[in-house]
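Reading the structure
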Amino acid sequence: MSPRILLVDDEANIRKMVSALLESEGFETLEAPNGQAALALVAEDAPDAVLLDLMMPSGPDGLATLEQLKKRAPHVPVVMMSGKANLADAVRATKLGAFQFLEKPLTPEGVLVALRGALELGRTLAENRRLHEQLGHADPLVGTSAAMDELRAMIARVAPTESRVLITGESGTGKELVASAIHRQSARAGKPFVTVNSAAIPRDLIESELFGHERGAFTGATERRQGRFELADGGTLFLDEVGDLSAEAQAKLLRVLETGVVERLGGERPFTVNVRVIAATNKELGEAVRQRQFREDLWFRLNVLPIHIPPLRERPDDVPPLVRHCAARCAARLGR
């Protein structure tokens, strides 16, 4: 079955040109002159991918349309295109979930490469979900609301990348579950997933926990110990409650993120690690930066791909499935 591509552009000539190109390559195409028409088509039958213009004078613009598309069909990859875009537009489109950003005038090779990449990612993620279901790996995220669908789609987009992720949300919203889901859907899934709760470790021991120490590095250090960065080498390190790190620990963490080089406390031989860092916090780090409680340069290093988890009170549709999930777990544990 041929992949179905939805072309959304207010210029009929561009739709005609791109449609002819795609059909000659074996794709099936749908056309929409504006965002409103595109959303209506997606509601009827979601395509396999969308090619969406940024600047459209009638109806919602490309970014507004993208935002609505990701709420209604979060698993459909969207490739943005524009002849007048700036860096801010490209960054916002990426944060809203765009797979790629193409500059006009379009080239046949650029369009085909972008769409084939988007379709391949969609197929890979669908296959991963199918295999997880066959192996009995249940989705750790419970909920059927639009917010949860959007969260799953965001995880699917960021997981295949190597970029750092900053997860924000109130205590109890499931930040570690999201971090684990990102790891399991990434190329590092077969490697370690190591967690460290910065708020649960005394400040005078956090550096030892993160970077390790040599024997005799401090009172009580009776043997050499590997740090969490070393244990996570090749995999993912989840830094929970990163906003609680001391100023000194923040400085050393920044150095490791910049160089990939770790040195144990009391050690003389630095070594390189290959670790993807996912951080989480229930604090507003932007405000902490303004109050000089958190390093701005470290915030920028961590906040490459932000993910926010809304609290349950903002998604009441998820209460019934959560109740059923908790009841099923209790029944299984009690044999009832």
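Residues numbered from 1 in each chain as written. Predicted model: local features only at pLDDT ≥ 70, side-chain atom pairs only at ≥ 80, totals over all residues. Heavy atoms only, no water.

Below, the discussion takes up the pairing of strand β13 (residues 276–281). When you tally the buried positions in β13, you get 6 out of 6 residues, the bulk of the element. Taking every second residue as pointing to the same face, both faces of β13 are buried, with R276, I278 and A280 on one and V277, A279 and T281 on the other. Note: strand β6 (residues 165–168) against β13, 4 bridges, orientation parallel. Along β13, the bridge assignment pairs I167 with A280. Judged from the 4 bridges that link them, strand β10 (residues 236–240) and β13 form a sheet pairing that is parallel. By the bridge assignment for β13, T236 is matched with R276. (Buried < 20%, exposed > 50% of the residue type's maximum accessible area, 1.4 Å probe, protein only. Helix = DSSP H or I, 4+ residues; strand = E, 2+ residues; numbered from the N terminus. Pairing = 2+ DSSP bridges.)

Spatial ordering of the open sheet is given by β7-β10-β13-β6-β14, a layout of 5 strands whose pairing is parallel. This sheet does not close on itself; its edge strands, each paired only once, are β7 (193–197) and β14 (305–308). Strand-to-strand twist of the sheet, defined as the mean angle between neighbouring strand axes without regard to direction, takes the value 20°. Across the sheet, helix α6 (residues 146–158) is in contact with β6, β13 and β14; its angle to β14 comes to roughly 160°. (Axes fitted to C-alpha atoms, helices over the stretch in contact; angles between N-to-C directions. Contact = heavy atoms within 4.5 Å.)

In a beta sheet, neighbouring strands pair by backbone hydrogen bonds and run either parallel or antiparallel. Read across the open sheet, the 5 strands follow the order β2-β1-β3-β4-β5; overall the sheet is parallel. Unpaired on one side and paired on the other, β2 (28–32) and β5 (100–103) mark the two borders of the sheet. With direction set aside, neighbouring strand axes in the sheet form an average angle of 20°.

A few words on the environment of A251. Tracing the backbone through its elements, the reader meets A251 in helix α10 (residues 247–259). Classification of A251 as partly exposed rests on a relative accessible area of 31%. A sequence separation of 44 residues divides A251 from R295, and the C-alpha atoms of the two residues are 8.0 Å apart.

Attention shifts here to the pairing of strand β1 (residues 4–8). Of all 5 residues in β1, 5 are buried; the element is thus mostly enclosed. Of the two faces of β1, the one carrying R4, L6 and V8 and the one carrying I5 and L7 are both buried. One ladder, built from 4 bridges, connects β1 with strand β3 (residues 49–53); its direction is parallel. Paired with L7 across the strands is L51, a residue of β3.

So, on to the packing of aromatic side chains. On inspection of all chains with the given rule, the structure shows 3 aromatic pairs. On the basis of an interplanar angle of 15° and a centroid distance of 6.4 Å, the ring pair of F193 and F238 is categorised as stacked. Remark: F238 occurs in strand β10 and F193 occurs in strand β7; sequence separation between them is 45 residues. Assessed through its relative accessible area of 25%, F193 is described here as partly exposed. (Phe/Tyr/Trp six-rings, centres within 6.5 Å; stacked < 30°, edge-to-face > 60°.)

Let us look at the packing of helix α2 (residues 35–44) against helix α3 (residues 62–72). Orientation of α2 relative to α3, taken along the N-to-C sense of each, is 10°, at an axis distance of 10 Å. Taken together, α2 and α3 sit at an angle that is classed as roughly parallel. Between α2 and α3, the residues in contact are G35, L39 and V42 and T65, Q68, L69 and R72, respectively. (Parallel < 35°, antiparallel > 145°, perpendicular 65-115°, else oblique.)

So, about α2. Those residues of α2 that sit buried are G35, A38, L39 and V42. Projected onto a plane normal to the axis of α2, the buried residues spread over an arc of 100° and lie on a single side. Exposed and oriented more than 90 degrees from the buried face of α2 are Q36 and E44. Taken together, the buried residues of α2 touch β1, β2 and α3. Where α2 begins, the side chain of N34 points an oxygen toward the backbone nitrogen of Q36, at a separation of 3.3 Å. (Arc of directions from axis to C-beta. Polar contact = N/O pair within 3.5 Å; in protein donor to acceptor, adjacent residues only side chain to side chain.)

Looking now at a nonpolar patch on the surface. Residues L312, V319 and V323 make up a contiguous nonpolar surface patch of about 220 Å² in total accessible area. Looking at the element boundaries, V319 is found in helix α13 (residues 319–334). (Patch = residues over 30% accessible without salt bridge, like charges linked within 9 Å, V, L, I, M, F, W, Y side chains within 5 Å. Areas by Shrake-Rupley, 256 points an atom, 1.4 Å probe, with all protein chains shown as cover. Salt bridge = Lys/Arg side-chain N within 4 Å of Asp/Glu carboxyl O.)

This part takes up the confidence of the model for the chain. Mean pLDDT over the chain works out to 86, with 93% of the residues at or above the 70 mark. Per-element averaging of pLDDT across the chain places helix α5 (residues 108–134) at the bottom with 74 and β1 at the top with 96. (pLDDT = per-residue confidence, 0-100.)

Take the side chain of D240 next. You can see D240 is positioned in strand β10. The charged side chain of D240 is buried without a salt bridge, its nearest counter-charge being K175 at 5.3 Å. (Lys, Arg positive; Asp, Glu negative; His and termini not counted.)

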